[in-house]
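Here are the chains, one letter per residue:
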Amino acid sequence: MTSTTSTTVTAGSTEPRATLGHALHAEWTKLRTLRTTAYLVLFMVVVGSAYGGVFSWIDGTGYPSLLGSDRSAFDPTATALRGYAITQLAAGFLGVHVIASEYSTGMIRTSLTVVPRRGRLLAAKALVVTPVVLVAGVISGFGGFFAGQQVLAANHAPHVALGDPQVLRAVLGTGLYLALVCLLGVGIGALTRAPVGAFALLAALTLIVPATAANLPGTAGRLVKEFWPSAAGSRVTAVVPLEDTLGPWAGLGVLAAFVALLLLAGFEAVRRRDP
């Protein structure tokens, strides 16, 4: 009988070697058969689309009472895409789940037996889960955008079309942002190895700290608003520029750099620690 797994002959032994392709296939099989995956992807699509309409209704009905400076800062695109603030938790948790859940159940030992090279295993997990979140995030962005613009138009508030300048970039940017948050979850999950603790840290980094920026005094508030990774990265979902914020691609770059650092730290943690 011929084995489908390639082997490497060392001095006196024959040891199976799992390639990156084998690891990707195994991780994809695990990801697509988990109910958690389907629930979180559905959550991202449905909630992102629904909240595009909800936030647009809130801002659209309040638009007539805005003063001149606030009217000029009104961003119909960002309003409709604001559901990312909620769906990012699902995106990040899916990233956490693919690695931290195996530590909590002990399945990581089986995974490392099949794929002994730990960096390859972590890379396979990241490469499999990220495109899933990217696609779900883009669908969520389009759903929220179209729902939001209809609601804004119905309330006689400013609204835009997909072909208007920078609008398509912002909609697609929602998927890019959520994909990076998913990778952030992978890094945090590899570092903590505990799903609950990892999710709490993820929520703090992406939601709690940016939400407190408005309450911080002076320079501290401005720095958090401009350079905190999730706050900076979320600017890719906006069209109208705001004072004391980075541009869309610069902000996304800040988030990407932070994610890369956490993934490197997670790789070192996985490489050095026992399962």
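All of the points below concern the structure found in this document. (Residues numbered from 1 in each chain as written. Predicted model: local features only at pLDDT ≥ 70, side-chain atom pairs only at ≥ 80, totals over all residues. Heavy atoms only, no water.)

### Some thoughts on the overall build of the protein chain
When you go through the protein chain residue by residue, the secondary structure sums to twelve helices and two strands. In sequence order, the secondary structure elements of the protein chain are arranged as β-β-α-α-α-α-α-α-α-α-α-α-α-α. The principal-axis extents of the C-alpha atoms in the protein chain amount to approximately 80 × 40 × 30 Å. Within the protein chain, buried positions represent 43% of all 275 residues. Within the protein chain, contacts between residues separated by at least 24 positions form 74% of all contacts whose residues are at least 6 apart in sequence. Accessible surface, the protein chain as shown: approximately 13,400 Å² in total, 67% of it carbon and sulfur. (Helix = DSSP H or I, 4+ residues; strand = E, 2+ residues; numbered from the N terminus. Buried < 20%, exposed > 50% of the residue type's maximum accessible area, 1.4 Å probe, protein only. Contact = heavy atoms within 4.5 Å. Areas by Shrake-Rupley, 256 points an atom, 1.4 Å probe, with all protein chains shown as cover.)

### Details of the side chain of T79
Inspection of the secondary structure assignment puts T79 in helix α4 (residues 76-80). Accessibility expressed as a relative area gives 4% for T79, which makes it buried. In this structure the side chain of T79 is engaged in a polar contact, spanning 3.4 Å, whose partner is the side chain of D59. Beyond its immediate sequence surroundings of up to four residues, T79 is in contact with G52, F55, S56, D59 and F74. (Polar contact = N/O pair within 3.5 Å; in protein donor to acceptor, adjacent residues only side chain to side chain.)

### Remarks on the nonpolar core
By size, the foremost hydrophobic cluster in this structure holds 44 residues, and its most contacted members are V129, V133, Y177 and I188. Looking at this core, the elements that each hand over two or more residues are α1 (20-33), α2 (35-62), α5 (84-105), α6 (108-114), α7 (118-154), α8 (167-192), α9 (195-212) and α12 (248-272). Ranked by the residues each element gives to this core, the list is headed by α8, at ten residues. What Y177 contacts, discounting residues up to four positions off in sequence, is Y84, Q88, S230, G233, S234, V236, L252 and L255. One finds L81, V167, A170 and V171 within the second-largest nonpolar core, a separate group that totals five residues. (Core = buried A, V, L, I, M, F, W, Y, C linked by side-chain atoms within 4.5 Å.)

### Re the packing of aromatic side chains
If you walk through the whole model with that rule in mind, you get six aromatic pairs. Taken together, the ring pairs in this structure connect F142, F145 and F146 into an aromatic cluster. (Phe/Tyr/Trp six-rings, centres within 6.5 Å; stacked < 30°, edge-to-face > 60°.)

### Focus: the environment of H156
Tracing the backbone shows H156 in the loop between α7 and α8. For H156, a relative accessible area of 72% translates into the label exposed. Residues H156 and T61, spaced 95 residues apart in sequence, show a C-alpha to C-alpha distance of 8.5 Å.

### Regarding a nonpolar patch on the surface
Side chains of Y51, V54, W57 and I58 sit close together on the surface and give an oily, nonpolar patch of about 380 Å² of accessible area. Relative to the assigned elements, W57 resides in helix α2. (Patch = residues over 30% accessible without salt bridge, like charges linked within 9 Å, V, L, I, M, F, W, Y side chains within 5 Å. Salt bridge = Lys/Arg side-chain N within 4 Å of Asp/Glu carboxyl O.)

### Things to note about unusual backbone geometry
Among all residues except glycine, the phi angle is most often negative; among peptide bonds, the trans geometry is most common. The backbone phi angle of H156 is positive, close to 60 degrees, even though this residue is not glycine. One non-glycine residue, R193, lies in positive phi territory at about 60 degrees. Along the chain, R193 turns up in the loop between α8 and α9. The exposure class of R193 is partly exposed, given its relative accessible area of 27%.

### A word on the layout of surface pockets
By volume, the largest pocket is sized at about 740 Å³. Surrounding the largest pocket, 27 residues form its lining, Y84, A231, S234, R235 and L242 being those nearest its centre. Listed by contribution, the elements that provide at least two residues to the lining of the largest pocket are α4, α5, α9, α10 (218-227) and α11 (229-233). Ranked by residue count, the leading element in the lining of the largest pocket is α9, at four residues. Of the residues belonging to the lining of the largest pocket, the class tally is 15 nonpolar, eight polar and four charged. (1 Å grid on protein atoms, 1.4 Å probe; cavity = no way out; pocket = protein on both sides within 12 Å on 5 of 7 lines; lining within 4 Å. Points joined across faces, edges and corners; volume = space filled by probe spheres on them. Nonpolar A, V, L, I, M, F, W, Y, C, P; charged D, E, K, R; others polar.)

### Observations concerning the packing of α7 against α12
In contact at an axis separation of 9 Å, α7 and α12 are set at 135 degrees when each is read in the N-to-C sense. Considered as vectors, α7 and α12 are oriented oblique to each other. The hand of the α7/α12 crossing is right-handed. Facing α7, whose interface residues are R118, G119 and L122, α12 presents L263, G266, F267, V270 and R271. Taken together, the residues of the contact of α7 with α12 break down into four nonpolar, two polar and two charged. (Axes fitted to C-alpha atoms, helices over the stretch in contact; angles between N-to-C directions. Parallel < 35°, antiparallel > 145°, perpendicular 65-115°, else oblique. Left-handed = near helix turned anticlockwise from the far one by under 90°.)

### What to know about the packing of α2 against α5
Relative orientation of the contacting elements α2 and α5 amounts to 165 degrees, with a least axis distance of 8 Å. Judged by the angle between their axes, α2 and α5 are roughly antiparallel. Crossing handedness for the pair α2 and α5: left-handed. For the pair α2 and α5, contact is made by T36, T37, L40, F43, M44, V47, G48 and Y51 and by I86, T87, A90, A91, F93, L94 and H97, respectively. Residue classes in the contact of α2 with α5 are distributed as ten nonpolar, five polar and no charged.

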